[in-house]
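Listed here are the chains, written in short residue letters.
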Amino acid sequence: MSRRVFVLVPVLLALVFSGGCDGGGSDEPGKKAEFDAAGTLRQSAQAMGALKSVGFSVESDGKTPVIVKGGDMKLLRSGDAEGTLTVEQQGQNIEMKVVAAGASIYLDAGTGGWRKLPKALAASVYDPSAVLDPQRGIPMLLSSAAAPEPQAVEKVDGKDVYRVGAKLPKAQIAGLIPGINADMDGQLWVSKADHRLVKVRGEFPKGGAVVISFTEFDAPYKISAPK
């Protein structure tokens, strides 16, 4: 794998661990929206900030101006993480295994086993520990979303959720989604039962969107360096 790929991986992780989400489909048609959208996002920010771990999948909707096209990840509040990413490199999609453990990041793109790199390499563009920090990352993105409006009460993966439309400010997402230089139109799906974020969709100004679906909360993940 080229040095360029290794340098880009922290950026790829930054995209994956931030939130932008799917084309907006739900399991069934939404009901009339009558709820406090701003309050819903505040409650979700608190719920996500209290998590010790989270699992999620990411996918692209249409053509997007980002390198990460898909993936499935498990993340600890400490910043340790593991999973797979599909990344675009020189016009081709490459599946890459990624493990972040302690002070190191390990990469395997199927070209000769694991490559170990210092996590400090990513410090200037991405700090994994920020993702579930109440003052940064996803919680801050939720609490800073502008002009929230109620869109629907519906189901996603069998869960009753509130769907909120909002503007995702550049100031809060620029550090999490490298390359974004404008606000994004977004939709956020928040569980009625526990206020956790179920799904997020972020639309790029020039077309395409990124969808992140949160699949597990506070699971007892055990993440360690590959052998």
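Residues numbered from 1 in each chain as written. Predicted model: local features only at pLDDT ≥ 70, side-chain atom pairs only at ≥ 80, totals over all residues. Heavy atoms only, no water.

Caption draft 1: A look at unusual backbone geometry. Even without glycine at this site, Gln90 takes up a positive phi of about 55°. Looking at the secondary structure, you find Gln90 in the loop between strand 4 (81-89) and strand 5 (92-101). Phi at Asp157 is positive, roughly 50°, even though this residue is not glycine. (Helix = DSSP H or I, 4+ residues; strand = E, 2+ residues; numbered from the N terminus.)

Caption draft 2: A look at the packing of helix 2 (residues 37-49) against helix 3 (residues 137-144). The N-to-C vectors of helix 2 and helix 3 enclose an angle of 175°; their axes lie 8 Å apart at closest approach. Comparing the axis directions of helix 2 and helix 3 gives the class roughly antiparallel. Residue-level inspection shows Leu41, Ser44, Ala45, Met48 and Gly49 of helix 2 in contact with helix 3, the latter providing Ile138, Pro139, Leu142 and Ser143. Residues that form the contact of helix 2 with helix 3 fall into these classes: 6 nonpolar, 3 polar and no charged. (Axes fitted to C-alpha atoms, helices over the stretch in contact; angles between N-to-C directions. Parallel < 35°, antiparallel > 145°, perpendicular 65-115°, else oblique. Contact = heavy atoms within 4.5 Å. Nonpolar A, V, L, I, M, F, W, Y, C, P; charged D, E, K, R; others polar.)

Caption draft 3: Region of interest: the pairing of strand 12 (residues 209-217). Counting buried positions along strand 12 yields 7 of 9 residues, so the element is predominantly enclosed. Direction of pairing for strand 2 (residues 53-61) relative to strand 12: antiparallel, over a ladder of 8 bridges. Paired with Phe56 across the two strands is Phe214, which belongs to strand 12. Relative to strand 12, strand 11 (residues 197-203) runs antiparallel, the two sharing 5 bridges. Each bridged residue has a counterpart across the sheet, and for Val200 the counterpart in strand 12 is Ile212. Two successive antiparallel strands, strand 11 and strand 12, enclose a turn made up of 5 residues, where Gly207 displays a positive phi of approximately 110°. (Buried < 20%, exposed > 50% of the residue type's maximum accessible area, 1.4 Å probe, protein only. Pairing = 2+ DSSP bridges.)

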